[in-house]
Structures are given as structure tokens and as C-alpha cells.
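Observations on chain architecture
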Amino acid sequence: MPYGIAQPPTQTAPLSRRAAAWLRRRLRRIGLPAAALALAAGASLFAPASQADAAVALERVTDFGANPGALNMYVYRPRSAPARPAVVVALHGCTQSAQIYADNSGLTKFADQYGFLLVFAETTTSNNINKCFNWFQSGDTQRGQGEAASIRQMVAKAGSAYGGDPARTYVTGLSAGGAMTAAMLATYPDVFQAGAVVAGLPYRCATDVVSAYTCMNPGVNRTPAAWAKNVTDAAPGHTGPWPRVAIWHGDRDTTVVPKNADALRDQWTAVHGLGQSPDRTSTIGTNGTRREQYLAADGSVAVEVDRVPDIGHGTPVDPGTAAQQCGATGTAHFIASICSSHWITEFFGLHG
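Remember, it's a predicted structure, so these values are computed and weren't measured experimentally. (Residues numbered from 1 in each chain as written. Predicted model: local features only at pLDDT ≥ 70, side-chain atom pairs only at ≥ 80, totals over all residues. Heavy atoms only, no water.)

With respect to the overall build of the chain
Note the following rule: By definition, any uninterrupted DSSP run of H or I lasting at least four residues is a helix, any uninterrupted run of E lasting at least two residues is a strand, and each is numbered from the N terminus. Only protein chains enter the calculation, and the probe is 1.4 Å; a residue is then buried if its accessible area is under 20% of its type maximum, exposed if over 50%, and partly exposed in between. In this description, contact between two residues means that some pair of their heavy atoms is separated by no more than 4.5 Å.
When helices and strands are tallied, the chain shows ten helices and twelve strands. When each of the 352 residues of the chain is scored for burial, the buried share is 58%. Considering only intrachain contacts with a sequence separation of at least 6, the fraction spanning at least 24 residues in the chain is 69%.

Shown next, in the form of C-alpha cells:
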């Protein structure tokens, strides 16, 4: 086992205080930040924070079908939308909520501007004591099971009740929500056309709490082929096309280290049958974010890595009213930098 750590008690629910204290002592001994425990097992990752002053109006949906993951569903309907709007699923980070993510991420600005439907999935303290999506639990990250199946049901409800277009369905999320985004792309590649992972981890990097915090920091070494096999094994019989993937990561993230952005790149470029050297690079925004793009045979962008300078763990936002600005910074882990939601929406093909 990594670092000679003894296996803690089996993790099928949020850690007890005793087990959490045990892991904190082990984390300190090997020099990992205590925040690693939070994303892996539900200790406090994001400090409690107040919501934005002007809360976004979300609609609670309770009858979206089978809900084996015991999640909540909220919908944001844009001010105007076509008869068959695109659907973007958004997954919050630990200790956050659907409301906090809607209020601060900036996604609703572009939903109003371009007329797409937003579905906010929300986990609860019944699932995880600090409301982290259980990205490291096999029962929640397999097709037809747990939280992954519940999110799939939300997409179906968006289609049946709100006219959402199944040919234009996308997913994005932060941290634990970013790791769950990777899980949704792997387990339901026939549902999602593209996804954006913000400060997240590759699919099946971890399958228990100990491997989870090892994945987060210092990260895990696997070959691109091994990473890709995790994805291709997740949806048996699927032959493509595979979802396009954007990867966003701060270069000073010590909670989920940037090595995970490289692992995500390796995973999804290999799934698409591409090499790991970018076909083109550029700088976007005013803060010097480095963009690396990996192109499919038809010239479209199959995988993209956006490396955000000088920020730690969180969603990059850029408060303001200009076209490429969005979001709010009054809440923990929404970091003043670049409006990632603008560029993610563009990557999904929803601008115009």
C-alpha cells in the first residue's frame, strides 16, 4: 500500500470522527495537506461561506425517476430558450450546494445569453458528511448505479419535462464535482457530447479513500493506455464517438495537484486515439492561461487543457459585465482569475 499506510476501516459511508482523525494523523506524517482528506472522504475541504447577495432562482425537481444516489435536482431555465435547448449539467464541490454553484460560477450568465438549460445536481450530508460527490466509490461511479445513475436520470428528465436536446448534452464540475464529471463522461459516453473537468481527477484514479488522497496529492503514475482502459471498460459495447473533454487546473493547486490535469489529458487523448503532445498551443484571457489543444482527424478539438497561472484549488472566475467576464468571488474557492465558464461554454459549442 502507498507510503506503507495501513488500510483504514472500509469506507461505505462518510468517515467517523475517529477514522477521520486517524487519516489526518497519517496525512501529517507523510506531509500531505489535511485538505486531501476532505475531497477523499468528506472532511471540510471548503470553508463555510455565505451565498452571493443576489441568489439565482433555481427550480427544485423531485420527480425525476429512479434516484439510487439520493441526489437533489435543480434546474435553471434561461430567460428565453429555443424549443430544444442544449442541457448543461453542473456539479458542485465539497460543502457547496447547487445554489452556491449557481450563484458564483457564472454559468447562468451564459445560459441566459445563449439559451441553454442548466441542471444542478446536488449531493447531501446523507451521502457524504461534507456533501462531496462520492467520486472515489465504485458503487457511485458505475453505469446504472448510485450517484452516476441519478445524474443520468436528471438528464432524461431535462429532456422529457423541459424539451432538452439529447444531441446537445454536456457536463462540468469543480473538484469532487470535476472528478464526478469525468465519471459521467466515462460511464455515459452515449449521453454527453462533451465535458469540462475543473480541478478534478481522472476516472477511476481511486476506488477507496486511501487511494483517493494519494491520487489527489502527490498524484498517480499510469500509462495513457492504462488510463484509457478505465474509460473504455466503463461503458461496455460503446464504440464511439467519445465525448470531447476540456481540463481546467490551477498551477498552484496543492489539494488536487496539477499532475492530475496531465493524467486526465493522458486518459482522454488515449481514448480518442491521439498522442500526448499538443497540436497547438495558445494563451487565452488577460491572465496568461495556457491552452493546449489535441485535434481529431477532422481538425476539431477532442481534448483541451487550460492551465491557469497563479491560482490554487477552485473555479476561476472574473467578476464583471464584459463579454468574457463572469462569476463572483465572495465565496470560498471561486477565485478571481479568468472566467472559465465563458471558455467552457464556448468549448461546448454553445456560443451562438
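Back to the write-up after that little detour.
Considering the nonpolar core
Formally: Nine residue types can take part in a nonpolar core, namely buried Ala, Val, Leu, Ile, Met, Phe, Trp, Tyr and Cys, and a core is a set of them joined through side-chain atoms within 4.5 Å.
Membership of the largest hydrophobic core comes to 45 residues, with the highest contact counts inside it found for V89, L91, V119, I151, F192 and W268. Among the elements that make up this core, the one with the highest residue count is helix 5 (residues 146-162) (seven residues). Y74, Y101, A111 and L295 belong to the second-largest nonpolar core, a separate cluster that totals 40 residues.

Structural notes on the sheet that holds strand 6 (residues 194-198)
Inclusion rule: By this definition, two strands are paired if DSSP reports at least two bridges between them. To get an axis, a line is fitted to the C-alpha atoms, and for a helix only the part in contact is used. The angle between two axes follows their N-to-C directions and goes from 0 to 180 degrees.
One open sheet holds the ten strands; their spatial order is 1-2-4-3-5-6-7-10-9-8, and the pairing between them is mixed. Two strands bound the open sheet, and with one partner strand each, they are strand 1 (59-61) and strand 8 (280-284). Along the sheet, successive strands turn relative to each other by an average axial angle of 20°, direction set aside. Bridging between strand 2 (residues 72-76) and strand 4 (residues 117-122) involves five bridges; their strand directions are antiparallel. Residue pairing across strands places Y76 opposite L118, the latter belonging to strand 4. In the packing of helix 10 (residues 340-347) onto the sheet, the strands contacted are strand 5 (169-174), strand 6, strand 7 (244-250), strand 8, strand 9 (289-295) and strand 10 (301-308), and the crossing angle to strand 7 comes to about 165°.

Topic: the state of the cysteines
For the record, the criterion: The disulfide criterion is simple: two cysteine sulfur atoms within 2.5 Å.
Inspection of every chain in the model, using the stated rule, returns three disulfides. The residue that forms a disulfide with C205 is C215, at a sulfur-sulfur distance of 2.1 Å. What sets the handedness of the C205 and C215 disulfide is the S-S torsion sign, and at about -110° it is left-handed. Of this pair, C205 sits in the loop between strand 6 and helix 7 (209-216) while C215 sits in helix 7, and the two are ten residues apart along the sequence. Take C205 and C215: they sit in the same class, and that class is buried.

Quick word on the pattern of salt bridges
Our working rule: The working definition used for a salt bridge is a side-chain nitrogen of Lys or Arg within 4 Å of a carboxyl oxygen of Asp or Glu.
Counted according to the given criterion, the structure contains 14 salt bridges. R77 serves as the salt-bridge partner of E59, at 3.1 Å between the closest nitrogen and oxygen. Placement of the pair is E59 in strand 1 and R77 in the loop between strand 2 and strand 3 (87-91), with a sequence separation of 18 residues. E59 sits in the partly exposed class, given a relative accessible area of 29%. Overlapping salt bridges, with partners in common, bring together D262, R265, D266, R290, E292 and R307 in one network.

Describing the packing of aromatic side chains
So the rule is basically this: Whether two aromatic rings pair depends on their centres lying within 6.5 Å, for rings of Phe, Tyr and Trp, where Trp uses its six-membered ring; planes under 30 degrees apart make the pair stacked, over 60 edge-to-face, and the rest tilted. Two limits define a charge over a ring: the Lys NZ or Arg CZ must be within 6 Å of the ring centre, and within 35 degrees of the ring normal.
Summed over the entire model, instances satisfying the criterion amount to four aromatic pairs. With centroids separated by 4.8 Å and ring planes inclined at 15°, the aromatic side chains of Y170 and F348 adopt a geometry described as stacked. Taken together, the positions of Y170 in strand 5 and F348 in the segment after helix 10 put the pair 178 residues apart, joining distant regions of the chain. On the accessibility criterion, Y170 (6% relative accessible area) is buried. Ring centres of F347 and F348 lie 6.3 Å apart, and the angle between their planes is 55°; on these two criteria the pair is classed as tilted. No difference in accessibility class separates F347 from F348, as the two residues are buried. An aromatic cluster is present here, built from Y170, F347 and F348 joined pairwise through their rings. The ring centre of F347 lies 4.1 Å from the NZ or CZ of R244, which sits over that ring.

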